[in-house]
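Coordinate inspection notes
The residues making up each chain are set out below.
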Amino acid sequence: MLSAILMFSGLGAAFGLLLGYAATRFRVDSDPVVDQIDKLLPQTQCGQCGFAGCHPYAEAMANGDADINQCPPGGEATIQALADLLGRDPKPLNPEHGEEKPKTVAVIDEQTCIGCTLCIQACPVDAILGAAKQMHTVIVSECTGCDLCVEPCPVDCIDMVVVEQTVDTWQWPYPGTGSPIVPDAA
Amino acid sequence: MSDGDPTLWRFHGGLKLSGHKSESTSLAVIEPPLPQRLILPLQQHIGRPAEPCVSIGTRVMKGQLLAAADGYVSASVHAPTSGLVEAIESRPIPHPSGLTAPCIVLRSDGEDQWIDDLPDQDSEPLDAIALRHRVRAAGIVGLGGAAFPASVKLNPGPERKLDQLILNGAECEPYISCDDMLMRERAADILSGAGLLCRALGVARCLFGIEDNKPEALAALEAALAASPNPGVELRRVPTIYPTGGEKQLIRVLTGKEVPAHGIPAEIGMVCHNVGTALAVHEAVILGRPLISRYITVTGQGVTTPRNLEVRFGTPVSELVEACGGYTERADRLIMGGPMMGFALATDEVPVVKGSNCILVASNQELSQPGPAMPCIRCGACTEVCPVGLLPQQLYWYARARDFDKVQDYSVFDCIECGCCVTVCPSRIPLVQYYRYAKTAIWAQEREKEKADLARQRHQFRLERMEREKNERAARMSKKRAALETTDTGTDSKKAAIEAALARARAKKADARPDRSSTPAPKSAKIPETVEDRPPAEKP
């Protein structure tokens, strides 16, 4: 009897120590769910979801403080992916946060720009190049099309231009819209 | 040499299709009249578009460089005739999307005058590197249809040991006969080009595969080979099975070896080039001429005289049809490429580019418009004919369900889009269209992911930077405050503020004086530049 008690308390202590060690040794700093959610978000950093960027929104979703249908740039595809990840039912985009629009980039009218740097301060991804009283320009490849630079511009010289499809970005349509080429068989 | 019948192998699947080649091989190849305007897309190849090196209004000579290769995987574009650069703008190009792309528009002056300083001819044999440079400078791309820059394929890297060149004269797709005519008419030049390719690759052996439905081409090559013997070249007659002309399929047939999935032939010691590419290499090295024209088949029941033409790049398709007697009333669809892998053109105003091998003006009997797709009955016919050994049915289910991970698990990127599965499908399901849709959708997702990763990284960097700046400012302020407190011990903050204001005033005065060094430096001689830098004026 006594040996059994000793044995089990010994085992308990040993496993407890092992678990305690593992908990500190293999500690995961950030919440993996947050990172997983963040990976699905388009990283526009536009704040239309009501949070200060994609990561805060991901955190809120992980904590259950935000719904999965608040990201207009991601649109249906992102909602579907989030629903799959979080095991929830997909739902339509919440119109309070905006609507899904084609991808855009900011274009600065360099003739009108007065070099006030306000757009540079607003850009969440540092995609605007310029200095005080110098002409500003957008680094197109890094612009996420978040619209955040449009509002602060005092001379209204920033336009959001829809990204044109090129031969390189063109996609074959989902079948059913066209007809394939079928030769006469031998 | 060809009929000793050395062992040939067989690839999985494939189809026997009716060739429809004789329609376009009865007439000799001619050049259509010089067009008034040539439209030269900057991207006629796989890789980055070429960079224009002429401007609007420049007078150019035939063979002059118009746009230079931009980067390693790219190809330059040369003027197919002499004339004036009329515009550099977006024009419709031959592409399944029907989109426009940047083009150089050249107005011909009718003189067709060659540029004077063509590169030296191959008087003393060039070494491999010089040959590769010559091929690159001539803007040569694979003329079998893929249009991959040929110089890149000639440089497999030092770690790969090559032992043979495969010359592709199979031309397996129905209706297309431009390689056939090229081999009939230019056999000696092709063999010369093959010798140059062998030299550039450092290999001694060249296997030359020709489908057995081209006896005239084979005879011409045999005669040319007899006239100038080359022990390294072996002509092989291969059975006519679609798609023997696929690079991996031809290698399998000729050597029995399999190119690894996602791999290239150089990994198993071979490089495969099309016969047209060999001719272009001959012209570039022996004659010093850049790639400015090619043989192209114009055929189908929708054209009056089907035949092959030697066409300058940039010639509008409409002029090709005109040179073949114009459209017949049966003309229904305009296809660039063959009936199996070609794509429909929306307009005949698009130009011929380096990769164009055929213009098929099909009647509605030749290319039947399939009825609506029926449900898949899981017959497995597609799996039997797939020359790559894929499972087309599985690919179809997953592509249809937009399950792109699974589609990749089933190797959608190994699909060569030959169309065999579509041809045998009893339900007329547009299978290849599903695979093409899946491929481009996956690429789009990858592009978006890359963009998102970049944006995330830059956003994080920005947050870190702002945090760092905030901390630095706070540190600066607290340091200043500490400095004030140590000098004015016992004085309250108000006094410190007054002192600071006095210091500023003194500094300003000192600034106004020319000789700054004579003034006693105030304790904070530096003039605060921004509001944040100033010591806190009032703090309760």
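Remember, predicted model here, so these are calculated numbers, not experimental data.

Digging into the overall build of chain A
Per the secondary structure count, chain A includes five helices and five strands. What you see in chain A, going N to C, is helices and strands ordered as α-α-α-α-β-α-β-β-β-β. Relative to the 2.2 N^0.38 estimate, which gives 16 Å for 186 residues, the radius of gyration of chain A is 26 Å and therefore markedly larger than a compact globule would have. The principal-axis extent of the C-alpha atoms belonging to chain A is close to 90 × 70 × 35 Å. In chain A, once contacts between residues fewer than 6 apart in sequence are set aside, the share between residues at least 24 apart is 56%.

Notes on the overall build of chain B
Along its length, chain B carries 14 helices and 17 strands. A compact globule built from 540 residues would reach a C-alpha radius of gyration of about 24 Å, whereas chain B, at 33 Å, exceeds it by more than 25%. The 540 residues of chain B split such that 45% are buried.

Examining the nonpolar core
One recurring pattern in soluble globular proteins is that nonpolar side chains are buried together. Counting residues in each nonpolar core, the largest one holds 128 residues, and the members touching the most others are Ala194(B), Leu320(B) and Leu431(B). Of the residues forming this core, the biggest block, nine residues, is contributed by helix H4 (residues 187-201) of chain B. Residue contributions to this core reach at least three from each of two domains, namely domain 1 (22-111 + 130-344) and domain 2 (381-487) of chain B. Discounting chain neighbours no more than four positions away, the residues touching Leu320(B) are Pro32(B), Val298(B), Leu309(B), Val311(B), Thr315(B), Val352(B) and Ile359(B). In terms of nonpolar packing, the next biggest core, distinct from the first, is built from 17 residues, Cys46(A), Ile128(A), Val138(A) and Ile158(A) among them.

What about unusual backbone geometry?
All names here are of chain B. Between Tyr-242 and Pro-243 the backbone carries a cis peptide bond, its omega angle lying at 0°. Position of Pro-243 relative to the elements: it lies in the loop between strand E10 (233-238) and helix H6 (247-255). In this model, His-20 sits at a positive phi of 55°, which is unusual for a non-glycine residue. Along the polypeptide, His-20 turns up in the segment before strand E1 (37-41). Overall, His-20 belongs to the buried group, with 22 C-beta atoms counted inside 10 Å.

Quick look at the environment of Thr58(B)
With respect to the helices and strands, Thr58(B) occurs in the loop between strand E2 (51-52) and strand E3 (59-60). Counting along the chain gives 309 residues from Thr58(B) to Leu367(B), while the straight-line C-alpha distance between them is 44 Å.

Comments concerning helix H1 (residues 128-137) of chain B
Residue and element names in this part refer to chain B. Three or more residues of H1 are buried, namely Leu-131, Arg-134, Val-135 and Arg-136. Here the buried face of H1 lies against helix H2 (150-153), H4 and helix H7 (275-286). In the stretch just after H1, Gly-139 is the one whose phi turns positive, near 70°.

Here we look at the packing of helix H3 (residues 178-185) of chain B against H7(B)
All names here are of chain B. Direction vectors running N to C along H3 and H7 enclose 45°, while the axes themselves pass 9 Å from each other. Taken together, H3 and H7 sit at an angle that is classed as oblique. For the pair H3 and H7, the crossing hand works out as left-handed. Contact with H3, carried on its side by Asp-179, Leu-182 and Met-183, involves Val-275, Gly-276 and Leu-279 of H7 and no other residues of that element. Looking at side-chain class alone, the contact of H3 with H7 contains four nonpolar, one polar and one charged residues.

Comments concerning the sheet that holds strand E4 (residues 65-68) of chain B
Residues and elements named next belong to chain B. The three strands are arranged E2-E4-E5 in an open sheet whose pairing can be described as antiparallel. Two strands lie at the open edges of the sheet, namely E2 and strand E5 (77-78), each paired on one side alone. Two elements, E2 and E4, share two bridges in a ladder whose sense is antiparallel. From the neighbouring strand, Glu-51 faces E4, where its bridge partner is Ala-68.

Thoughts on the sheet that holds strand E7 (residues 100-108) of chain B
Pairing between the strands of a sheet comes from backbone hydrogen bonds, and it takes one of two forms, parallel or antiparallel. All names here are of chain B. Judged by pairing direction, the sheet is antiparallel, and its four strands sit side by side in the order E1-E7-E6-E3 without closing on themselves. For this open sheet the edge positions go to E1 and E3, each flanked by a neighbour on one side alone. With nine bridges joining them, strand E6 (residues 83-92) and E7 adopt antiparallel strand pairing. Within E7, the residue paired with Val-85 across the bridge is Leu-106.

Details of helix H10 (residues 392-400) of chain B
Restricting attention to buried positions, one finds in H10(B) the residues Pro392(B), Gln393(B), Leu395(B), Tyr396(B), Tyr398(B) and Ala399(B). Residue Arg402(B) follows H10(B) closely and has a positive phi angle near 55°.

Considering the interface of chain B and chain A
How big an interface is tends to be stated in terms of the accessible area lost upon association of its parts. Facing 35 residues of chain B, the contacting portion of chain A comprises 28 residues. For the side of chain B that touches chain A, the secondary-structure elements that each account for two or more residues are strand E17 (367-368), helix H12 (420-424) and helix H13 (431-487) of chain B. Among the elements that take part in the side of chain B that touches chain A, H13(B) stands out by supplying 15 residues, more than any other. Its residues placed into classes, the side of chain B that touches chain A shows 19 nonpolar, ten polar and six charged.

Quick look at the domain arrangement of chain A
All names here are of chain A. The domain architecture assigned to chain A consists of domain 1 (32-97) and domain 2 (104-162). Taken over C-alpha atoms, the centre of domain 1 sits 26 Å from the centre of domain 2. Each side of the interface is counted separately: domain 1 has five residues, and domain 2 has seven residues. Here the residues of the side of domain 1 that touches domain 2 sort into one nonpolar, four polar and no charged.

With respect to the environment of Glu111(B)
Residues and elements named next belong to chain B. Mapped onto the secondary structure, Glu-111 falls in the loop between E7 and H1. The class for Glu-111 is exposed, based on 12 C-beta atoms found within 10 Å. Placed 50 residues apart in sequence, Glu-111 and Met-61 show a C-alpha to C-alpha distance of 9.4 Å.

What to know about the packing of helix H2 (residues 32-40) of chain A against helix H4 (residues 75-86) of chain A
Residue and element names in this part refer to chain A. Here H2 crosses H4 at 160°, and the two axes come no closer than 9 Å. On the basis of the axis angle, H2 is roughly antiparallel to H4. Along this stretch, H2 crosses H4, giving a crossing that reads as right-handed. Residues Gln-36, Ile-37 and Leu-40 of H2 pack against Thr-78, Ala-81, Leu-82 and Leu-85 of H4. Its residues assigned to classes, the contact of H2 with H4 comprises five nonpolar, two polar and no charged.

Brief notes about the confidence of the model for chain B
Residue-level pLDDT values for chain B average 89, and 92% of them are 70 or greater. The complex model carries a pTM of 0.82, and its ipTM stands at 0.81.

As for the pairing of strand E11 (residues 270-274) of chain B
Two faces make up the sheet, and in a regular strand the side chains alternate between them. All names here are of chain B. Counting buried positions along E11 gives five out of five residues, so the element sits mostly inside the fold. For strand E8 (residues 164-169) and E11, the ladder comprises five bridges, and the chain directions are parallel. Residue pairing for E11: Asn-168 is matched across the bridge by Asn-274.

Criteria and cut-off values
Residues numbered from 1 in each chain as written. Chains lettered and ligands numbered in written order. Predicted model: local features only at pLDDT ≥ 70, side-chain atom pairs only at ≥ 80, totals over all residues. Helix = DSSP H or I, 4+ residues; strand = E, 2+ residues; numbered from the N terminus. Rg over C-alpha atoms; globule rule 2.2 N^0.38 Å. Contact = placed C-beta atoms within 7 Å. Buried ≥ 20, exposed ≤ 12 C-beta atoms within 10 Å, placed from the backbone. Core = buried A, V, L, I, M, F, W, Y, C linked by C-beta atoms within 7 Å. Domains from an automatic or database assignment. Axes fitted to C-alpha atoms, helices over the stretch in contact; angles between N-to-C directions. Parallel < 35°, antiparallel > 145°, perpendicular 65-115°, else oblique. Left-handed = near helix turned anticlockwise from the far one by under 90°. Nonpolar A, V, L, I, M, F, W, Y, C, P; charged D, E, K, R; others polar. Pairing = 2+ DSSP bridges. pLDDT = per-residue confidence, 0-100.

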